[in-house]
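So you can see what is in the structure, the chains are spelled out below.
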Amino acid sequence: MLFRSERRWNLIAQTTLMARSAFGPPGAERHWTDGWDGYPAARTRLLNAIATRRVPGPLVLSGDVHSHVVANLKANFEDSNSPVIASEFCCTSISSLGPPQARVDASRAANPHIRHARSDQRGYIELEIDAAHARADLITVDDPTDPQSATRVDTRFVV
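Residues numbered from 1 in each chain as written. Predicted model: local features only at pLDDT ≥ 70, side-chain atom pairs only at ≥ 80, totals over all residues. Heavy atoms only, no water.

*Asks:* Help me understand the nonpolar core in this model?
*Replies:* Of all hydrophobic cores here, the largest spans 22 residues; its most connected members are Met18, Leu47, Ile50 and Leu73. Mapped by element, the contributors of at least two residues to this core are helix 1 (40-52), strand 5 (68-74), strand 6 (84-90) and strand 7 (114-118). (Core = buried A, V, L, I, M, F, W, Y, C linked by side-chain atoms within 4.5 Å. Buried < 20%, exposed > 50% of the residue type's maximum accessible area, 1.4 Å probe, protein only. Helix = DSSP H or I, 4+ residues; strand = E, 2+ residues; numbered from the N terminus.)

*Asks:* How do you make sense of the pairing of strand 8 (residues 123-129) when you look at a structure like this?
*Replies:* Regular strands place their side chains on alternate faces of the sheet. Here strand 8 runs beside strand 9 (residues 134-141); their pairing, made up of seven bridges, is antiparallel. Following the sheet pairing, Tyr124 is matched in strand 9 by Ile139. (Pairing = 2+ DSSP bridges.)

*Asks:* Can you walk me through the sheet that holds strand 6 in this structure?
*Replies:* Where strands meet in a sheet, backbone hydrogen bonds hold them as pairs that are either parallel or antiparallel. Pairing within the open sheet is mixed, and its five strands lie in the order 1-4-6-5-7. The two strands at the open ends of the sheet, each matched to only one other strand, are strand 1 (10-13) and strand 7. Neighbouring strand axes in the sheet, compared pairwise and without regard to direction, differ in orientation by 20 degrees on average. Inspection of the sheet shows strand 5 paired to strand 6 by six bridges, in the antiparallel sense. Residue pairing for strand 6: Val70 is matched across the bridge by Phe89. Together, strand 1, strand 4 (58-62), strand 5 and strand 6 form the strand contacts of helix 1, whose direction differs from that of strand 6 by roughly 125 degrees. (Axes fitted to C-alpha atoms, helices over the stretch in contact; angles between N-to-C directions. Contact = heavy atoms within 4.5 Å.)

*Asks:* Would you mind going over the sheet that holds strand 10 (residues 151-158) with me for this structure?
*Replies:* Strands sit in the order 8-9-10 across an open sheet of three strands; the sheet is antiparallel. The open sheet has two free edges, formed respectively by strand 8 and strand 10, since each of these has just one partner strand. Averaged over all adjacent pairs, the angle separating strand axes in this sheet is 25 degrees, with direction ignored. Relative to strand 10, strand 9 is paired through seven bridges, and the arrangement is antiparallel. Across the sheet, Asp137 pairs through a bridge with Arg156, a residue of strand 10.

*Asks:* Is there a simple way to explain a nonpolar patch on the surface in this structure?
*Replies:* Among the surface-exposed residues, Leu11, Leu127 and Ile129 lie close enough to one another that they form a single nonpolar patch of about 230 Å² accessible area. With respect to the helices and strands, Leu127 occurs in strand 8. (Patch = residues over 30% accessible without salt bridge, like charges linked within 9 Å, V, L, I, M, F, W, Y side chains within 5 Å. Areas by Shrake-Rupley, 256 points an atom, 1.4 Å probe, with all protein chains shown as cover. Salt bridge = Lys/Arg side-chain N within 4 Å of Asp/Glu carboxyl O.)

*Asks:* Would you mind going over the packing of aromatic side chains with me for this structure?
*Replies:* The geometry of an aromatic ring pair comes down to the distance between the two centres and the angle between the two planes. A full pass over the atoms with the stated rule returns zero aromatic pairs. Sitting above the plane of the Trp9 ring, Arg8 keeps its charged end 4.0 Å from the centroid. (Phe/Tyr/Trp six-rings, centres within 6.5 Å; stacked < 30°, edge-to-face > 60°. Lys NZ or Arg CZ within 6 Å of the ring centre and 35° of its normal.)

*Asks:* Which parts of the structure should I look at to understand unusual backbone geometry?
*Replies:* In most cases, non-glycine residues show a negative phi, while peptide bonds are predominantly trans. With a phi close to 65 degrees, Asp64 is a non-glycine residue in the positive phi region. Positive phi, normally seen in glycine, also occurs at His66, with a value near 55 degrees. Topologically, His66 is positioned in the loop between strand 4 and strand 5. Residue class for His66 comes out partly exposed when judged on its relative accessible area of 27%.

What follows is the structure in structure tokens.
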């Protein structure tokens, strides 16, 4: 993987949620192993490499979980004092349904690094990057069954 120290931002585009995504009651959490949770050692190596090399502005762009998710990525998700290494923006689907929002909400206690998670909305992300900031607008579609549907900014995050 090529990181550029002379650039303000280093984008890592990949296919699934990188953040830990535990679900279930505290102490008995389970993990979705079809994503990075199935490869925790590889995720730790990647995030440690970003931290060790002091890669400027690492932004992870993800998808394929049918939910908008914004997360702080850490080398150790179990340690609340572990520093944030990168920011992750995971895009929902335009029309495919996501997991039940109640299940997403219930998992939030086990995932304090996840800043935003909505599986009950369809849409996309608009990312605007300049020298000082990266802004992610999470756009939702009012009616995903209507090609003429209105869209709106559900929330905005700035790094």
